[in-house]
Amino acid sequence: MEIKTKQYAQAIYDIANESGQLNDYLDLAVAIIDAANHNDGLLEYLGTASVDIEEKKVLIKDITNGYEYFNNWLLILLESGKGRYLRDYISAFINIYNEEHDIENGYVWTTEPITQEVVGKFEKVLSEKLDKTIKLENRINNEIIGGVRLEVGDNVWDNTIKNKLKQLLKVSFS
């Protein structure tokens, strides 16, 4: 029987929880995903079969910075030929954490980057509105012209100029 991505992620979640390092492992997982998002080659390098496994082990050890179980978990994934799916496994771990802690991720779309303080205000309002902890990531989209678009799960709050123009055109030509 093949072990599924969520089962691997659940295993490291349980180990992290039992060892009292759950938040540290979450921070590490988020940092790895963030690094991968800013360096497209990182996870691809680790997932490439042509790269020597010993080189990968050294890099993994540097990345995991002394978190033995997380290090071993990543090495097991690499050695079992699942290296090209590291993003999926790490994301599954983060998703399990979020489910267990009633956290939902979303996006705040703007034309320019906004401060973390402003993002935090949106998170606070949405957390109260949805009765769960909301974590937002600021994403840039110049096509919205101006304003803000918030997306959390199936919920969308669109207060962008582009949306207002669409609504105006719809009313004008109906």
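Residues numbered from 1 in each chain as written. Predicted model: local features only at pLDDT ≥ 70, side-chain atom pairs only at ≥ 80, totals over all residues. Heavy atoms only, no water.

Draft legend 1. Structural context of the overall build of the protein chain. The secondary structure content of the protein chain amounts to 8 helices and 4 strands. By its C-alpha atoms, the protein chain is 65 × 35 × 35 Å across when sized along the principal axes. Taken across its 174 residues, the protein chain has 32% of its residues classed as buried. Restricting the contact set of the protein chain to residue pairs at least 6 apart, pairs at least 24 apart contribute 61%. When the accessible surface of the protein chain is split by element, carbon and sulfur atoms take 50% of a total near 11,100 Å². Considering the protein chain, the positive charge centre built from 19 side chains and the negative charge centre built from 29 side chains are found 7 Å apart. (Helix = DSSP H or I, 4+ residues; strand = E, 2+ residues; numbered from the N terminus. Buried < 20%, exposed > 50% of the residue type's maximum accessible area, 1.4 Å probe, protein only. Contact = heavy atoms within 4.5 Å. Areas by Shrake-Rupley, 256 points an atom, 1.4 Å probe, with all protein chains shown as cover. Lys, Arg positive; Asp, Glu negative; His and termini not counted. Charge placed at Lys NZ, Arg CZ, Asp CG, Glu CD.)

Draft legend 2. Spotlight on the environment of threonine 160. Mapped onto the secondary structure, threonine 160 falls in strand S4 (residues 155-160). A distance of 3.1 Å separates a polar side-chain atom of threonine 160 from the backbone nitrogen of asparagine 163. (Polar contact = N/O pair within 3.5 Å; in protein donor to acceptor, adjacent residues only side chain to side chain.)

Draft legend 3. Geometry of the nonpolar core. Ranked by size, the top nonpolar core spans 31 residues in total, and within it Phe70, Trp73, Leu74, Ile90 and Phe93 carry the most contacts. At the level of secondary structure, the elements contributing two or more residues to this core comprise helix H1 (5-18), helix H2 (22-38), helix H3 (41-47), helix H5 (68-79) and helix H6 (86-100). Among residues more than four places away in sequence, those in contact with leucine 74 are Ile32, Ile60, Thr64, Leu86 and Ile90. Within the second largest apolar cluster, 7 residues are counted, among which are Val108, Val119, Leu136 and Leu150. (Core = buried A, V, L, I, M, F, W, Y, C linked by side-chain atoms within 4.5 Å.)

Draft legend 4. Structural view of the side chain of lysine 56. With respect to the element layout, lysine 56 can be found in helix H4 (residues 53-64). Buried and without a salt bridge, lysine 56 has aspartate 52 as its closest oppositely charged side chain, separated by 8.6 Å. A distance of 3.0 Å separates a polar side-chain atom of lysine 56 from the backbone oxygen of leucine 46. A distance of 2.6 Å separates a polar side-chain atom of lysine 56 from the backbone oxygen of threonine 48. Filtering out sequence-adjacent residues up to four positions away, lysine 56 remains in contact with Tyr45, Leu46, Gly47, Thr48, Ala49, Val51 and Leu78. (Salt bridge = Lys/Arg side-chain N within 4 Å of Asp/Glu carboxyl O.)

Draft legend 5. Fine view of a nonpolar patch on the surface. Residues Ile145, Ile161, Leu165 and Leu168 make up a contiguous nonpolar surface patch of roughly 360 Å² in combined accessible area. Structurally, leucine 165 is set in helix H8 (residues 161-172). For leucine 165, a relative accessible area of 40% translates into the label partly exposed. (Patch = residues over 30% accessible without salt bridge, like charges linked within 9 Å, V, L, I, M, F, W, Y side chains within 5 Å.)

Draft legend 6. Seen up close, the pattern of salt bridges. Under the criterion given, the structure shown has 9 salt bridges. Among the salt bridges present, the one from glutamate 104 reaches lysine 132, with a minimum N-O distance of 3.1 Å. Within this pair, whereas glutamate 104 is found in strand S1 (residues 103-110), its partner lysine 132 is found in the loop between helix H7 (116-130) and strand S2 (133-140), the two being separated by 28 residues in sequence. Connected through shared salt-bridge partners, Glu54, Lys57 and Glu79 make up one network.

Draft legend 7. Spatial organisation of H5. Taking 1.5 Å as the rise per residue, H5 with 12 residues should run 16 Å; its terminal C-alpha atoms sit 16 Å apart, in good agreement. Buried within H5 are the following residues: Phe70, Asn71, Trp73, Leu74, Leu75, Leu77 and Leu78. In the core, the buried residues of H5 are packed alongside H1, H2, H3, H4 and H6. Glycine 81 sits one or two residues past H5 and shows a positive phi near 80°. (Expected span 1.5 Å × (residues − 1).)

Draft legend 8. View of the packing of H2 against H5. One can describe the packing of H2 onto H5 by two numbers: an axis separation of 10 Å at closest approach and a directional angle of 45°. As the angle between them shows, H2 and H5 are arranged oblique. Handedness of the crossing formed by H2 with H5: right-handed. The segment H2 lies against H5, with Tyr25, Leu28, Ala29 and Ile32 engaging Glu68, Tyr69, Phe70 and Leu74. A breakdown of the residues in the contact of H2 with H5 according to their chemical character gives 7 nonpolar, no polar and 1 charged. (Axes fitted to C-alpha atoms, helices over the stretch in contact; angles between N-to-C directions. Parallel < 35°, antiparallel > 145°, perpendicular 65-115°, else oblique. Left-handed = near helix turned anticlockwise from the far one by under 90°. Nonpolar A, V, L, I, M, F, W, Y, C, P; charged D, E, K, R; others polar.)

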